[in-house]
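# A look at the structure
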Amino acid sequence: MIKPISFKVVLITLQCVLSIALSAQHASKPKRVIFLIGDGMGLSQISGAMSTYTGQNAFLRFPFIGLSKTSSAKQYITDSGAGATAFSIGKKTYNHAIGVDADTVPLPTLFELAKQRKLSTGVVVTSSIQHATPASFYAHVGNRRLYDSISTFLLNGNCDIAIGGGADFIFNRKDKRDLSAELKASGFLVINDTILKDIAATKYIYLLAKDGMPTMQKGRGDYLKRAAEQAVKNLSTNKNGFMLMIEGSQIDWGGHENNYKYMASELYDFNETINVVLDMAAKDKEMLVVVTADHETGGLALNEHDDPLRFSPIYTTKDHSGVMVPVFAYGAGAQEFAGMYENTEIFNKLVKLLNLK
Ligand SMILES: [Zn+2]
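Looking now at the packing of helix α2 (residues 43-52) against helix α11 (residues 260-282). One way to put it is that α2 packs onto α11 with a least axis distance of 9 Å and a crossing angle of 80°. Considering their axes alone, α2 and α11 lie roughly perpendicular with respect to each other. In this structure, α2 uses Gln45, Ile46, Gly48, Ala49, Met50 and Thr52 to contact α11, whose residues at the interface are Tyr260, Met263, Ala264, Leu267, Tyr268 and Asn271.

Structure, rendered in structure tokens:
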């Protein structure tokens, strides 16, 4: 008589097959990390914008999802300085701080730790490269508005590639200092142009606007997607790996204006960039992709509309709100990002996964 295979045996076999399949797909630890921050991108922004988006919804492609608690050291409602600094140094700090803790002590950022491990680093943004979110990864200043001062931290060489706006804080400085010449002397290529062109350098500052980049509504086009691809191409020449931070900066700006269409057009663009990044990660088993926000902006609600199939976007503030924001993770080590945690845990998780300490 043939013995029936027990349910338990079938289950164990299935579990083995599944874990082998998963481990064959992605390494347990990444060498290359792409960290995407949708500034001001809460669940309402994603829910609303993706309900009318006709292309591929990138957020559906993530196997692991978490929730990040965004409060800063002294205020329940954070700003982008404290929000990005929580990611970059792993400490809650005061609003408007850049790369310093609540006592204004500069602490090593993810980029500085990554450089110590011989990884390459970069930022790609739709704001200026000196804006609070990117600045928190390479600068240490007491106040986010010190853009001229923030620019000088690029000289330290802890951010190999920066693409975005902010030419005025390099070329048209209040102190008349020729920072461009100083950056060139430190080995950077400094480019000031209106269109992003393909380059082969590994250390450059690519400036495409005086301050923030144009909005999508004013024809920014596929800049963010192309800049992301350009940075990955150049950073990939480092076999030790890299950390790249990409920011959809203006999702937040649409929120501050309570301009739903502005916000949605920026989120569509960010979504397309995430898709491009995920396509790259699908072919690279040592890549980790993490997408999150520093906070929600506008206290956006999706309320009832006369047409039962539609919603009315209602803003409850011109500033940020205190709701948790989602974290999406894909690739090597992505499972670490499931759960609910403080924003500072994102730093700890990335440090652990990249063996940065
Ligand atoms: Zn904001």
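Moving on to the nonpolar core. In this structure, Phe137 and Phe337 are the most contacted members of the largest nonpolar core, which totals 51 residues. Among the elements that make up this core, the one with the highest residue count is helix α12 (residues 344-353) (five residues). When residues no more than four places from it in sequence are discounted, the contact partners of Phe137 are Phe35, Ile37, Ala84, Phe87, Ser88, Thr109, Leu110, Phe111 and Met245. If you look at the next biggest cluster of nonpolar residues, it comprises 50 residues, including Leu36, Tyr53, Ala228 and Leu278.

It is worth spelling out the pairing of strand β6 (residues 204-207) at this point. Neither face of β6 is left uncovered, since the one carrying Tyr204 and Tyr206 and the one carrying Ile205 and Leu207 both have all their residues buried. Relative to β6, strand β4 (residues 161-165) runs parallel, the two sharing four bridges. Within β6, the position partnered with Ile163 by the bridge is Tyr206. With four bridges connecting them, strand β5 (residues 189-192) and β6 associate as parallel partners. Among the inter-strand pairings, Val190 is bridged to a residue of β6, identified as Ile205.

So, about the coordination of the zinc ion. Distances from the zinc ion to its protein donors, Asp252 (OD), Asp252 (OD), His256 (NE2) and His320 (NE2), fall within 2.1 to 2.4 Å. Around the zinc ion, the four donor atoms sit at angles spanning 56 to 153°, and that spread fits a shape best called irregular. Here the donor residues for the zinc ion map to a single chain with the spacing D-x3-H-x63-H. Pair noted here: Asp252 is in helix α10 (residues 250-256) and His320 is in strand β12 (residues 320-321), with a separation of 68 residues, a long-range link. With a relative accessible area of 5%, Asp252 lands in the buried category. Assessed through its relative accessible area of 8%, His320 is described here as buried.

How each quantity is defined
Just so you know, the residues in each chain are numbered from 1, in the order the chain's sequence is written. Local features in a predicted model are, by the rule used here, given only for residues with pLDDT of at least 70; side-chain atom pairs are given and counted only at 80 or more, and totals for whole chains, interfaces and linings are based on all residues. Side-chain metrics rest on all non-hydrogen atoms present in the structure, leaving aside hydrogens and water. Lines fitted to the C-alpha atoms define the axes, with helices restricted to the stretch that makes contact. Angles between their N-to-C directions range from 0 to 180 degrees. Helix and strand definitions follow DSSP, with helices as H or I runs of at least four residues and strands as E runs of at least two, each counted in order from the N terminus. In this scheme, roughly parallel covers angles under 35 degrees and roughly antiparallel covers those over 145, while 65 to 115 is roughly perpendicular and the rest are oblique. Any two residues whose heavy atoms approach within 4.5 Å are treated as being in contact. To qualify as a nonpolar core, a set must consist of buried Ala, Val, Leu, Ile, Met, Phe, Trp, Tyr and Cys residues joined through side-chain atoms within 4.5 Å. For every residue, the accessible area (1.4 Å probe, protein chains only) is compared with the maximum for its type, and the residue is labelled buried under 20%, exposed over 50%, or partly exposed between those bounds. A pair of strands counts as paired when DSSP detects no fewer than two bridges linking them. Each metal's donors are the N, O and S atoms within 2.8 Å of it, or within 3.2 Å when it is Na, K or Ca, and because water is not part of the set, sites may look incomplete. All geometry calls rest on donor angles, where a four-donor set with angles between 85 and 135 degrees is tetrahedral, four- and six-donor sets with opposite donors more than 155 degrees apart and all others between 65 and 115 are square planar and octahedral, and all else is irregular.

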